[in-house]
2 protein chains.
Amino acid sequence: MSDKFVEAITPREENFSRWYTDVVIKAQLADYAPIRGCIVVRPPGFAIWEAIQSGLDARFKETGVQNAYFPLLIPESIFTREAEHIEGFAPEVPWVTHAGEEELQERLAIRPSSETIIGTMFSRWIQSYRDLPMLVNQWCSVLRWEKATHPFLRTTEFLWQEGHTCHETEAEARERTIQMLRIYREFMEEVLAIPVLAGIKSDREKFAGAVETYTVEAMMQDGRALQAGTSHYLGDGFARVLDIKFLGRESELEYVHQTSWGVSHRLIGALIMVHGDDRGLVLPPRVAPNQAVIVPIYRDDTRDRVLGAANDLRESLREEGLRIHLDDREEHTPGWKFNEWEMRGVPIRIELGPRDLDSDQVMLVRRDTGAKEPVSRSKLSARLEELLEEIQAGLFQRALDYRADNTYTAESVEDIRTIMERNRGFVEAGWCGDDACEASIKEETGTTIRCIPFEDLGEPGVCPACGKPGKHRVVFARAY
Amino acid sequence: MSDKFVEAITPREENFSRWYTDVVIKAQLADYAPIRGCIVVRPPGFAIWEAIQSGLDARFKETGVQNAYFPLLIPESIFTREAEHIEGFAPEVPWVTHAGEEELQERLAIRPSSETIIGTMFSRWIQSYRDLPMLVNQWCSVLRWEKATHPFLRTTEFLWQEGHTCHETEAEARERTIQMLRIYREFMEEVLAIPVLAGIKSDREKFAGAVETYTVEAMMQDGRALQAGTSHYLGDGFARVLDIKFLGRESELEYVHQTSWGVSHRLIGALIMVHGDDRGLVLPPRVAPNQAVIVPIYRDDTRDRVLGAANDLRESLREEGLRIHLDDREEHTPGWKFNEWEMRGVPIRIELGPRDLDSDQVMLVRRDTGAKEPVSRSKLSARLEELLEEIQAGLFQRALDYRADNTYTAESVEDIRTIMERNRGFVEAGWCGDDACEASIKEETGTTIRCIPFEDLGEPGVCPACGKPGKHRVVFARAY
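An account of the accompanying structure is given in this report. It should be emphasised that the depicted structure is a prediction, and the values quoted were computed from it without experimental measurement. Throughout this description, residue numbers start from 1 for each chain and increase along the sequence as written. Throughout, the order in which chains and ligands are written sets their labels, letters from A for the former and numbers from 1 for the latter. Residues qualify for local features only when their pLDDT is at least 70, as the model is predicted, and side-chain atom pairs are given and counted only at 80 or more; totals for whole chains, interfaces and linings, by contrast, use all residues.

This brings us to the nonpolar core. Defined on buried residues, the nonpolar core groups Ala, Val, Leu, Ile, Met, Phe, Trp, Tyr and Cys residues joined through C-beta atoms within 7 Å. Field definition: a residue is buried when 20 or more other C-beta atoms are found within 10 Å of its C-beta, exposed when 12 or fewer are, and partly exposed for counts in between, with C-beta atoms placed from the backbone. Of all hydrophobic cores here, the largest spans 287 residues; its most connected members are I194, A228 and V427 of chain A. Here a strand is any run of E in DSSP of at least two residues, a helix any run of H or I of at least four, and the numbering for each starts at the N terminus. The greatest single-element share of this core, amounting to eight residues, is contributed by helix α12 (residues 380-405) of chain B. Contact criterion: two residues are in contact if their C-beta atoms, reconstructed from the backbone, are within 7 Å. Look past the residues within four positions of I194 of chain A in its chain and what remains in contact with it is M188, E189, A218, A228, A270, V274 and A399 of chain A.

Dropping the structure here:
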């Protein structure tokens with residue numbers, strides 16, 4: 001038994017990317033699978049995903065969305081119906097060609113996204129305006145054969161939710177698109193403590209088949225952007241090719257107006273890269289599977305007394321509704337456990353030894369700041385509640401400050417290039433609205449337009465590429 | 001607007017199989033998908049699946065099981081490692097051969113079950129006896145290219161959970177196998193109100209790769225058996241081929257002992273076929289997404305008053321923790337709504353009209369018996385709680401009686417054939433233990449040994465096929 005936590009991780013300053021994968025692997029969030037670009041989401045990672053799922057799912061349902069499950073496989077003839085959609089996804093789609101020994105008559109795509117199969121079902125279920133709105137969501141995995149993969153951020157198979165809705169009018173569909181983006185934003189900011197920039201994508205960056213794509217973009221600690229969630233206004237494009245029609249109030253056949261929206265398990269990657277530090281993961285209390293861990297400290301002669309008290313403590317705190325884990329493993333020292341729970345990001349450590357028992361107190365240690373404080377047993381649950389809120393708010397504020405400190409402005413391509421060389425971050429700049437300018441800026445700086453934010457960033461200024469007056473003030477960044 | 005519920009269903013007596021699919025389709029539990037043998041689980045069906053998931057998931061976690069997620073695709077070289085396993089599944093496996101335009105170097109199987117891929121990961125994660133037991137579960141879908149399919153009961157893709165555990169000793173693994181079967185049994189009996197016969201499968205019927213398969217078998221209203229859940233003791237067979245070893249307490253390398261266990265969305269099919277009647281689905285209260293539905297009854301001049309009271313009622317009952325839906329749709333008559341909610345199986349209907357308001361009461365109507373009773377507003381929530389328990393217990397008892405009434409004994413193949421011709425059901429008989437006798441009985445009667453029950457069925461009697469003394473008393477039935 002060693003007191004040393006052997007699995008040290010690469011410091012962020014040394015190599016951010018290696019730091020990230022170290023945290024993923026050593027906090028046992030995920031492991032590489034023996035299939036190209038796939039990961040296994042291990043229990044500590046999946047527990048975070050469950051917390052994300054339950055939080056979002058409740059918010060979706062409050063707005064009338066219901067869950068359903070649609071097939072994994074999509075016949076080629078259905079999948080290829082919407083031209084832009086198939087063009088966007090075709091290079092990434094895995095195809096099933098055989099079942100057992102039998103060669104299939106038609107190839108089946110494994111879903112990269114389910115607009116076509118869900119739309120096909122909508123066309124059967126929707127007859128009248130009385131059937132609208134239709135609001136469904138599914139939690140599932142989808143597959144995209146990506147060239148470069150990265151655990152949680154970009155993997156061949158990933159867990160996500162995809163919401164799909166049909167509406168009577170364009171206005172209602174547009175409203176739903178924004179409503180779901182707002183839910184994502186609130187969830188990410190309030191629960192994940194991740195500040196996000198909400199806005200609309202340029203045409204180049206929008207979803208294959210969408211009229212408009214809205215996005216929430218977060219800044220990681222290396223200054224790169226992560227697209228954390230998207231909500232698409234699909235117009236009636238899929239409705240026309242999939243024949244999703246309804247008898248309207250004026251007894252005329254009309255096409256539905258659709259939306260789709262999704263977030264994936266890359267949110268776990270965002271949690272790591274927004275809050276993590278050189279000792280590992282740091283979880284915001286509202287999404288932490290365990291809000292606090294009790295580590296008992298004892299020798300042979302105090303073992304029973306301390307473990308007994310630790311058990312009682314766990315039970316009483318659980319009864320108060322807190323999510324508490326007691327680490328009573330015999331094979332590890334307290335020091336080893338401290339390191340391990342820090343690695344796993346548990347917000348608060350509760351140390352409990354014989355002297356604490358004598359003075360009827362425990363020692364609380366914050367994961368985010370490392371601050372220690374002794375708290376008397378009678379005040380413990382109130383103090384824990386308070387501290388969890390402090391940590392939650394503190395993490396959000398820290399991330400917000402970080403983003404502000406790493407947001408720059410630029411007037412030329414040279415400006416952007418200099419910022420990217422010196423320090424990655426968000427770059428606010430004008431944009432003339434021309435696709436060619438956007439392409440050349442990407443070519444020369446590696447940045448893309450993350451979004452045209454809803455938030456007012458002030459006067460557009462000039463387009464860095466052509467120097468003409470900007471139509472929009474946008475945010476450029478390198479992205480995951 | 002019509003007062004008639006147009007979507008009548010086939011009576012069970014006329015054609016049980018058509019009755020079943022009528023209920024599936026008309027209660028909107030599922031719909032056929034445009035992929036061979038696949039269904040779409042629609043929101044009312046998926047809500048039942050969510051209730052099943054959350055109930056089982058909590059029970060699994062109480063025993064230390066944690067959820068994880070493993071890849072959908074399994075490389076052929078890994079999938080084919082365990083000889084019996086691949087032999088059992090090979091004819092049913094869909095193969096991915098291409099991604100985009102590219103032909104893959106190695107074919108990838110879509111998982112029919114995940115023993116091989118999960119075992120491959122276990123072999124990396126397990127080093128010492130301190131890493132044991134390892135207890136993981138995943139909720140996912142799996143695919144099996146079946147020849148004949150039936151909504152929920154046998155579909156190409158189906159939703160399920162698969163638990164996989166590794167243990168230090170055979171005894172501990174065997175104990176876990178039985179523990180999980182017991183959890184299935186308790187859940188099915190206490191929550192789904194479905195009595196099940198628990199026992200062990202004969203070698204012919206066991207899982208591909210298992211040493212022993214345990215099962216819970218339920219009787220449907222057509223007398224056929226449904227295998228509702230299975231739990232397998234895998235021995236160290238997968239451990240040997242996948243190299244899942246650990247350093248034991250005596251510092252020797254040993255193979256782990258494994259289990260796997262699963263239930264699928266066929267439980268929704270079981271709910272339909274055990275409790276349903278000629279008016280549709282009948283849901284036991286503990287698994288019903290809505291325990292009661294409020295149907296307001298009004299004319300133009302009483303509309304506001306009744307709807308206001310109905311809203312208040314819903315809110316106050318929800319605050320009491322009941323799952324209540326208010327059907328305030330304007331486009332349907334009360335009569336239409338009565339029929340629809342009966343079709344969907346909601347346990348209790350609460351009728352509320354102006355005269356009820358005048359006398360400060362509501363009318364309760366039970367879905368299972370059709371019994372009506374007026375209840376004063378002040379006693380409503382207490383009476384609802386009571387009634388929900390009565391319905392829950394009543395459904396279970398009715399199913400138990402049905403099974404008893406349709407269980408027979410046989411001493412010869414002729415006996416079994418006669419029973420099957422006259423009336424399907426469970427047949428208790430002896431069995432000599434010989435594979436050939438089991439095969440010939442199947443050949444001649446269409447029945448299989450559902451299990452050798454744990455429950456003592458008395459003296460074994462003679463084997464119906466060979467006439468020799470039975471080793472076991474077993475249950476024969478035709479099965480889904």
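With that out of the way, let us pick up the interface of chain A and chain B. Taken together, the 43 residues of chain A in the interface contact 44 residues of chain B. It is strand β5 (residues 94-99) of chain A that contributes the most residues to the side of chain A that touches chain B, six residues altogether. For this classification, Asp, Glu, Lys and Arg are treated as charged, while Ala, Val, Leu, Ile, Met, Phe, Trp, Tyr, Cys and Pro are nonpolar and the rest, including Gly, are polar. Residue classes in the side of chain A that touches chain B are distributed as 29 nonpolar, seven polar and seven charged. Here, a strand pair is defined by DSSP locating no fewer than two bridges between the strands. Both β5 of chain A and strand β5 (residues 94-99) of chain B contribute to a ladder of five bridges, which runs antiparallel. Within the sheet, the bridge partner assigned to W95 of chain A lies in β5 of chain B and is H98 of chain B.

Superposition record for chain A on chain B: RMSD 0.0 Å, screw rotation 180 degrees, translation along axis 0.0 Å. As the rotation angle and translation indicate, the two copies are arranged about a two-fold axis. Among all residues of chain A, the one whose C-alpha sits closest to the rotation axis is V96 of chain A, at a distance of 2.1 Å. Only residues with pLDDT of at least 70 in both copies contribute their C-alpha atoms to the least-squares superposition of the copies.

Glancing now at the packing of helix α2 (residues 43-62) of chain A against helix α8 (residues 266-275) of chain A. Residue and element names in this part refer to chain A. To define axes, lines are fitted to C-alpha atoms, for helices over the stretch in contact only, and angles between the resulting N-to-C directions are given on a 0 to 180 degree scale. α8 packs onto α2 with a crossing angle of 105 degrees between their chain directions and a minimal axis gap of 10 Å. Taken as axis vectors, α2 and α8 run roughly perpendicular relative to one another. Packed against α2, whose contacting residues are G45, I48, W49 and I52, the element α8 presents L267, I268 and L271 at the interface. Orientation is classified from the angle alone, with under 35 degrees giving roughly parallel, over 145 giving roughly antiparallel, 65 to 115 giving roughly perpendicular, and any other angle giving oblique.

Right, let's talk about the sheet that holds strand β20 (residues 407-409) of chain B for a bit. Residues and elements named next belong to chain B. The strand order β3-β7-β8-β14-β11-β10-β9-β22-β23-β21-β20 describes an open sheet built from eleven strands, whose pairing is mixed. Only two strands of the sheet have a single neighbouring strand rather than two, namely β3 (66-67) and β20. Bridge count for strand β9 (residues 197-200) against strand β10 (residues 212-219) is four bridges, and the pairing is antiparallel. Note on β10: the bridge partner recorded for A198 is V216.

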